[in-house]
Amino acid sequence: MYDQLEIIENRYEQLNELLSDPDVVSDSDKLREYSKEQSDLQKTVDIYREYKLQKETIEESEEMMNETDDKEMLDMLKEELSGAKSRIPDLEEKLKLELIPKDPNDDKNVIMEIRGAAGGDEAQIFAGNLFRMYSRFAEDQGWRTEVVEAHSNDQGGYKEISFLIQGQGAFSKLKYENGAHRVQRVPETESGGRIHTSTATVAVLPEVEDVEVDIRNEDLKIDTYRSSGAGGQHVNTTDSAVRITHLPTGLVVTSQDEKSQIKNRERAMKVLKARVYDLKEQEAHAEYAEKRKSAVGTGDRSERIRTYNYPQNRVTDHRIGLTIQKLDQIIEGKLDEVIDALTIEEQTSKLEELNNATL
């Protein structure tokens, strides 16, 4: 572990020098690349340097204690030694966490797709509740939300809605939302007051760059048509809506929320790239996922991950056995407690793997 930390610190120092190099300063691409790499290493280096400082304090204090008989000096050195030793375990745990392989998608924007599943109108109303929940959460994080495509129902819910969330680290927090969400409540339309169970599925895809997925123009079939549905004062006036079909995979993406055909095409391409990338990732990890299911699930969208029980004001995440009596707050976007618990569970699982690998 410490050899790896030395390599990281040396690379950090090398990046300091590179960022002062006139050739790098004049090259915006290299400057951006090296600055991001240095920023990514900053926290690890700071913790490692603090760790080394405490280790040096221990060595120096022990050495000085062997060289003096002065009681006052000995008391001071003992206190210094005790403080340094007490910090070491915490710093070691933090360093282990820093060395856990990072998900390369964690810093990316997110494309989320929510669909009403089992439960008819009530499932679609619940899909609308989830969209509002994630929108509120994104707002609290200082992120921006843009709707790509939406098919609403008469009750204010959604048969399907796709939207982009833009913000630093969006995927790192929202990736755990991938799966089937279940709601238990009395529908507004239910006169008998019986509790119904409905589900909606959530897909969480990282927004990808052109270099990460190769989509050739000849593999695309692009159609334009007139927008329809709610919110369109531009409905039936211009062919602004766009439908893109990726012929090799059969994936189809539409976008009609913008008045501009160009903007709708840009948004549709973002979603298509994310879906193609996600499809390739799922294929690449299928064998691994079969051998080992992670602490927070396989990422399979058919997997029931969470239940929202309205009568008991209860949210239960089935992957980690977490139950919180704060549904009223969570459905308003206060997701931090749930996401933090899932993150800690995942980190703990990876730490166990790391420790087992070094035994």
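Note: the structure precedes this text.
About the cut-offs
- Residues numbered from 1 in each chain as written.
- Predicted model: local features only at pLDDT ≥ 70, side-chain atom pairs only at ≥ 80, totals over all residues.
- Heavy atoms only, no water.
- Helix = DSSP H or I, 4+ residues; strand = E, 2+ residues; numbered from the N terminus.
- Buried < 20%, exposed > 50% of the residue type's maximum accessible area, 1.4 Å probe, protein only.
- Contact = heavy atoms within 4.5 Å.
- Areas by Shrake-Rupley, 256 points an atom, 1.4 Å probe, with all protein chains shown as cover.
- Pairing = 2+ DSSP bridges.
- Polar contact = N/O pair within 3.5 Å; in protein donor to acceptor, adjacent residues only side chain to side chain.
- Phe/Tyr/Trp six-rings, centres within 6.5 Å; stacked < 30°, edge-to-face > 60°.

Student: So what about the overall build of the chain? Which residues, and what values?
Tutor: On a plain count of helices and strands, the chain comes out with 9 helices and 11 strands. In the chain, buried positions account for 41% of the 359 residues. Put simply, of all contacts in the chain between residues at least 6 apart along the chain, 61% involve residues at least 24 apart. On the chain, roughly 20000 Å² of surface is accessible, and the fraction owed to carbon and sulfur atoms is 46%.

Student: Tell me what's going on with the pairing of strand E1 (residues 110-116), and back it up with residues and numbers.
Tutor: In summary, the side chains of a regular strand alternate between the two faces of the sheet. With 5 of 7 residues buried, E1 is to be regarded as a mostly interior element. In this structure, E1 lies alongside strand E3 (residues 158-166), joined through 6 bridges in antiparallel fashion. Across the sheet, the residue bridging to Met112 is Phe163, located in E3. As judged from the 7 bridges shared by E1 and strand E5 (residues 196-206), these two strands associate in the antiparallel manner. By the bridge assignment for E5, Arg115 is matched with Thr201.

Student: Explain the side chain of His246 to me, using residue names and the numbers behind them.
Tutor: When you line up the elements, His246 lands in strand E7 (residues 241-246). Among the residues examined, His246 registers a relative accessible area of 5% and is labelled buried. Among the polar contacts made by the side chain of His246, one reaches the side chain of Thr249 at a distance of 2.8 Å. Excluding anything up to four places from it in sequence, His246 contacts Ile215, Asp219, Leu220, Leu251, Leu272 and Val276.

Student: Describe in detail the environment of Thr307, supporting the description with residues and values.
Tutor: Positionally, Thr307 belongs in strand E9 (residues 304-309). When residues no more than four places from it in sequence are discounted, the contact partners of Thr307 are Arg182, Gln184, Arg314, Val315, Thr316 and His318. Within the structure, the side chain of Thr307 is placed 3.0 Å from the side chain of Arg182, a separation counted as a polar contact. At a separation of 2.6 Å, a polar atom in the side chain of Thr307 contacts the side chain of His318.

Student: Which residues make up the packing of aromatic side chains, and what are the values?
Tutor: Aromatic ring pairs: the centre-centre distance and the angle between the two ring planes describe each pair. Within this structure, the stated rule accounts for 4 aromatic pairs. Consider the rings of Phe126 and Tyr308, whose centres lie 5.4 Å apart with planes at 65°: the pair is edge-to-face. In this pair, Phe126 is assigned in helix H5 (residues 120-141) and Tyr308 in strand E9, connecting sequence segments 182 residues apart. Looking at Phe126, the relative accessible area reads 0%, which means it is buried. Accessibility expressed as a relative area gives 0% for Tyr308, which makes it buried. Judged by centre distance (5.8 Å) and plane angle (80°), the rings of Phe131 and Tyr158 are edge-to-face. You can see Phe131 sitting in helix H5 and its partner Tyr158 sitting in strand E3, a full 27 residues away along the chain. Across the pair, Tyr158 and Phe131 agree in class, each one buried. Among the aromatic residues, those joined into a ring-pair cluster are Phe131, Tyr158 and Phe163.

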